[in-house]
Amino acid sequence: DQQVKQNSPSLSVQEGRISILNCDYTNSMFDYFLWYKKYPAEGPTFLISISSIKDKNEDGRFTVFLNKSAKHLSLHIVPSQPGDSAVYFCAASPGGGADGLTFGKGTHLIIQP
Amino acid sequence: NAGVMQNPRHLVRRRGQEARLRCSPMKGHSHVYWYRQLPEEGLKFMVYLQKENIIDESGMPKERFSAEFPKEGPSILRIQQVVRGDSAAYFCASSPTGVVDSPLHFGNGTRLTVT
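Note that this is a predicted model, so its numbers are computed, not measured.

Student: With reference to specific residues and values, describe the interface of chain B and chain A.
Tutor: Taken together, the 23 residues of chain B in the interface contact 20 residues of chain A. Taken together, the links from chain B to chain A amount to 1 salt bridge. Among the salt bridges present, the one from Lys-105 of chain A reaches Glu-41 of chain B, with a minimum N-O distance of 3.5 Å. Inspection of the region where chain B meets chain A yields 5 residue pairs in polar contact (both at pLDDT 80 or more). At the level of elements, β4 (31-37) and β5 (43-50) of chain B are the ones that each hand at least two residues to the side of chain B that touches chain A.

Printed below as a string of structure tokens:
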């Protein structure tokens, strides 16, 4: 049973527009959420995170929103740039240790010129 | 990603052989994690180690898989008697602490192919 779900395997967005990547989770014990970005043949790179005590965290062009009641989070990228084309993984943790990270299957974001 | 070094990048093994995957964490990092990514899947946690200790191996298959992180040298993930289902990308990550808000730094992975 998938505890972290990314229901869109791929997403195509025009350069300059907003990209919105979604993630749902089922485990109520999750209280820390992260987004990782992955290019082909490379390892994932940490992008942004959010604790359950917040509902929004912003870092430059990247903003993560958390809706605890809906068990849903989203990553907004604005404006989208060609270098943003990658696979984005949502990950969640029940808190404390980094060994508890549960990853979604990823969404392949394609930025079109 | 260059900070965490994994080798080899690609490894081909025949069924029944042994596979050894190596990971050198970033300088100053004493916490190492191994994750496996099957085709079309997300990353699945396997094991968490500190120097000379296995902290959490709840994601490791019970048989054929083992991991170590000796006092000196890299962390090793060892798969004995490999089967086709072991074909995957294996990622190592390191962290200076074991807490979740210290993001993991991943290596570029070892792609294991079992023929």
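Student: How would you summarise the sheet that holds strand β8 (residues 72-77) of chain A if you had to cite specific residues and measurements?
Tutor: All names here are of chain A. On the basis of which strands lie adjacent, the open sheet formed by 5 strands has the order β1-β3-β8-β7-β6 and antiparallel pairing. Whereas interior strands pair on both sides, the edge strands pair on one side only; in this sheet they are β1 (4-5) and β6 (56-59). Where strand β3 (residues 19-25) and β8 come together, 6 bridges link them in antiparallel fashion. Looking at the pairing, Cys-23 lines up with Leu-73 of β8.

Student: Please set out a nonpolar patch on the surface residue by residue, giving values where relevant.
Tutor: A contiguous nonpolar surface patch, about 230 Å² in accessible area, is contributed by Ile-18, Ile-20 and Val-78 of chain A. Here Ile-20 of chain A is to be found in strand β3.

Student: Pulling in residues and values, what's your account of the nonpolar core?
Tutor: Counting 23 residues, the largest nonpolar core has Phe-33, Trp-35, Leu-73, Leu-75 and Tyr-88 of chain A as the members making the most contacts within it. Secondary structure elements with two or more residues in this core: β3, β4 (32-38), β5 (45-51), β7 (62-67), β8, β9 (86-93) and β11 (107-112) of chain A. Looking at this core, the element that brings in the most residues is β9 of chain A, giving 4 residues. Apart from residues no more than four positions distant in its own chain, Phe-33 of chain A is found in contact with Tyr-25, Ile-48, Ser-49, Ile-50, Leu-66, Leu-73, Ala-91 and Ala-92 of chain A. With 22 residues, the next largest nonpolar core counts Met-60, Leu-77, Val-82 and Leu-112 of chain B among its residues.

Student: Tell me about the side chain of Arg-61 of chain A, residues and numbers included.
Tutor: All names here are of chain A. Looking at the element boundaries, Arg-61 is found in the loop between β6 and β7. In terms of polar contacts, Arg-61 uses its side chain to reach the backbone carbonyl oxygen of Pro-79, at 2.7 Å. Within the structure, the side chain of Arg-61 is placed 3.5 Å from the side chain of Gln-81, a separation counted as a polar contact. The residues contacting Arg-61, other than those within four sequence positions of it, are His-76, Ile-77, Val-78, Pro-79, Ser-80, Gln-81 and Asp-84.

Student: Describe in detail the pairing of β9 of chain A, supporting the description with residues and values.
Tutor: All names here are of chain A. Counted residue by residue, β9 has 7 buried out of 8 residues, so it is predominantly covered. The sheet contact formed by β4 and β9 spans 7 bridges and is antiparallel. Directly across from Lys-38, in β9, lies its bridge partner Val-87. When β9 meets β11, the two strands line up antiparallel, connected through 3 bridges. Its bridge partner lying in β11, Val-87 is registered against His-108. Where β9 and strand β10 (residues 102-103) come together, 2 bridges link them in antiparallel fashion.

Student: Tell me about the packing of aromatic side chains, and please be specific about residues and values.
Tutor: Counting across every chain of the model gives 11 aromatic pairs over all chains. Aromatic side chains Tyr-36 of chain A and Phe-106 of chain B sit 5.5 Å apart centroid to centroid with 90° between the ring planes, which places their arrangement in the edge-to-face category. Here Tyr-36 of chain A is found in strand β4, whereas its partner Phe-106 of chain B is found in strand β10 (residues 105-106) on a different chain. A residue is classified by how much of its surface remains accessible, and Tyr-36 of chain A, at 0% relative accessible area, is buried.

Student: Summarise the state of the cysteines; cite the residues concerned and give the values.
Tutor: Residue and element names in this part refer to chain B. Applying the stated rule across the entire model yields 2 disulfides over all chains. The disulfide bridge from Cys-23 ends at Cys-92, spanning 1.8 Å between sulfur atoms. Where Cys-23 bonds to Cys-92 through sulfur, the torsion about that S-S bond is close to -55°, and the disulfide is left-handed. Here Cys-23 is found in strand β3 (residues 19-24), whereas its partner Cys-92 is found in strand β9 (residues 88-95), with 69 residues between them in sequence. Here Cys-23 and Cys-92 have matching classes, each one buried.

Thresholds applied
- Residues numbered from 1 in each chain as written.
- Chains lettered and ligands numbered in written order.
- Predicted model: local features only at pLDDT ≥ 70, side-chain atom pairs only at ≥ 80, totals over all residues.
- Heavy atoms only, no water.
- Contact = heavy atoms within 4.5 Å.
- Salt bridge = Lys/Arg side-chain N within 4 Å of Asp/Glu carboxyl O.
- Polar contact = N/O pair within 3.5 Å; in protein donor to acceptor, adjacent residues only side chain to side chain.
- Helix = DSSP H or I, 4+ residues; strand = E, 2+ residues; numbered from the N terminus.
- Pairing = 2+ DSSP bridges.
- Patch = residues over 30% accessible without salt bridge, like charges linked within 9 Å, V, L, I, M, F, W, Y side chains within 5 Å.
- Areas by Shrake-Rupley, 256 points an atom, 1.4 Å probe, with all protein chains shown as cover.
- Core = buried A, V, L, I, M, F, W, Y, C linked by side-chain atoms within 4.5 Å.
- Buried < 20%, exposed > 50% of the residue type's maximum accessible area, 1.4 Å probe, protein only.
- Phe/Tyr/Trp six-rings, centres within 6.5 Å; stacked < 30°, edge-to-face > 60°.
- Disulfide = S-S within 2.5 Å.

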